[in-house]
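Chain by chain, the residues:
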Amino acid sequence: MKSIMHDRKDGTCWLCIKLHGDYSRKSVLHEHHAIGGTANRKQSEKYGLKVYLCIEHHLYDGGPEAVHRNNRIRRYVETAAQAAFEKHFPWLDFKDIFGRYASWEQAPEEEHEESGCRQQAGGIIPIDGLPPLPDYLKD
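Described in the following lines is the structure provided in the data block. (Residues numbered from 1 in each chain as written. Predicted model: local features only at pLDDT ≥ 70, side-chain atom pairs only at ≥ 80, totals over all residues. Heavy atoms only, no water.)

Digging into the overall build of the protein
Inference 1: Within the protein, the regular secondary structure consists of six helices and five strands.
Inference 2: Ordered by position in the sequence, the α and β elements of the protein form the string α-β-α-β-α-α-α-β-β-β-α.
Inference 3: When the accessible area of the protein is evaluated, it comes to approximately 7,600 Å², of which 49% is carbon and sulfur surface. (Helix = DSSP H or I, 4+ residues; strand = E, 2+ residues; numbered from the N terminus. Areas by Shrake-Rupley, 256 points an atom, 1.4 Å probe, with all protein chains shown as cover.)

Below, the structure written as structure tokens:
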């Protein structure tokens, strides 16, 4: 399925945008399935939970922000995937399909409609799109 998170045609790296505000076109992009594991990779494909990353942000030896090297970055991508999934497939339960929540092992605790956010164990994420970049990833 086509990605519901990122359009490959624009030639940008999803993490370059999220981490650095860099919208420049990249000559090489790798497809990254946002939820890992053998079964979950197939489910990521089925539901369009994939992003396109430059070499520096994808491969283990790409650098310190590479999704296959940095667990915080990986969890950020997974959390963004869960938010995109819940927005596009509100009738489905993420945990039923993927066996866990992206960054937290507990279900959403409550809705905060006035702020447009959902409280989960571990933090608040917006319900209308991708989560904001956590402070610990800004350094």
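Some points on the side chain of histidine 33
Inference 1: In this structure, histidine 33 sits in strand E1 (residues 30-33).
Inference 2: A polar side-chain atom of histidine 33 sits 3.2 Å from a polar atom in the side chain of arginine 41.
Inference 3: Histidine 33 has contacts with Arg41, Ser44, Glu45, Leu49 and Lys50, leaving out every residue within four places of it along the chain. (Polar contact = N/O pair within 3.5 Å; in protein donor to acceptor, adjacent residues only side chain to side chain. Contact = heavy atoms within 4.5 Å.)

Re the pairing of strand E2 (residues 50-53)
Inference 1: A two-sided burial pattern is seen for E2, the buried positions comprising Lys50 and Tyr52 on one face and Val51 and Leu53 on the other.
Inference 2: Both E1 and E2 contribute to a ladder of four bridges, which runs antiparallel. By the bridge assignment, histidine 33 is partnered in E2 with lysine 50. (Buried < 20%, exposed > 50% of the residue type's maximum accessible area, 1.4 Å probe, protein only. Pairing = 2+ DSSP bridges.)

Re the packing of aromatic side chains
Inference 1: For the structure shown, the criterion picks out nine aromatic pairs.
Inference 2: Consider the rings of phenylalanine 85 and phenylalanine 98, whose centres lie 5.9 Å apart with planes at 85°: the pair is edge-to-face. Note that phenylalanine 85 is positioned in helix H4 (residues 71-88) and phenylalanine 98 in helix H5 (residues 94-98), a separation of 13 residues in sequence. Accessibility assignment for this pair places phenylalanine 85 and phenylalanine 98 in one class, buried.
Inference 3: Put simply, the rings of Tyr47, Phe85, Phe89, Trp91, Phe94 and Phe98 touch in pairs and so form one group of aromatic residues. (Phe/Tyr/Trp six-rings, centres within 6.5 Å; stacked < 30°, edge-to-face > 60°.)

Some thoughts on the nonpolar core
Most often, soluble globular proteins keep nonpolar side chains buried together rather than apart.
Inference 1: With 30 residues, the main nonpolar core has Met5, Trp14, Leu15, Leu49, Phe85, Phe94 and Phe98 as its most contacted residues.
Inference 2: Those elements that provide at least two residues to this core are helix H1 (14-20), E2, H4 and H5.
Inference 3: It is H4 that provides the largest number of residues to this core, a total of seven residues.
Inference 4: If sequence neighbours within four positions are ignored, phenylalanine 85 has contacts with Ile4, Tyr47, Leu49, Pro90, Leu92, Asp93, Phe94, Ile97 and Phe98. (Core = buried A, V, L, I, M, F, W, Y, C linked by side-chain atoms within 4.5 Å.)

Focus: the side chain of lysine 50
Inference 1: Take lysine 50: it is sitting in strand E2.
Inference 2: In this structure lysine 50 comes out as buried when scored by relative accessible area, which is 4%.
Inference 3: Only 2.7 Å separates the side chain of lysine 50 from the side chain of glutamate 45, close enough to count as a polar contact.
Inference 4: Among all residues touching lysine 50, those that are not within four sequence positions of it are Met1, Lys2, Ser3, Met5, His6, Glu31, His32, His33, Ala34 and Glu45.

Considering a nonpolar patch on the surface
Inference 1: A surface patch of nonpolar side chains, about 200 Å² in accessible area, is lined by Val28, Ile55 and Leu59.
Inference 2: Structurally, valine 28 can be placed in the loop between H1 and E1. (Patch = residues over 30% accessible without salt bridge, like charges linked within 9 Å, V, L, I, M, F, W, Y side chains within 5 Å. Salt bridge = Lys/Arg side-chain N within 4 Å of Asp/Glu carboxyl O.)

Considerations on H4
Inference 1: Its 18 residues place the ends of H4 25 Å apart at the C-alpha level, agreeing with the 26 Å of an ideal helix rising 1.5 Å per residue.
Inference 2: Looking at H4, one finds that the buried residues are Ile73, Tyr76, Val77, Glu78, Thr79, Ala80, Ala81, Gln82, Ala83, Ala84, Phe85 and Glu86.
Inference 3: You can read the cap of H4 off the contacts: a side-chain oxygen lies 2.9 Å from the backbone nitrogen of arginine 72, and it is on asparagine 70. (Expected span 1.5 Å × (residues − 1).)

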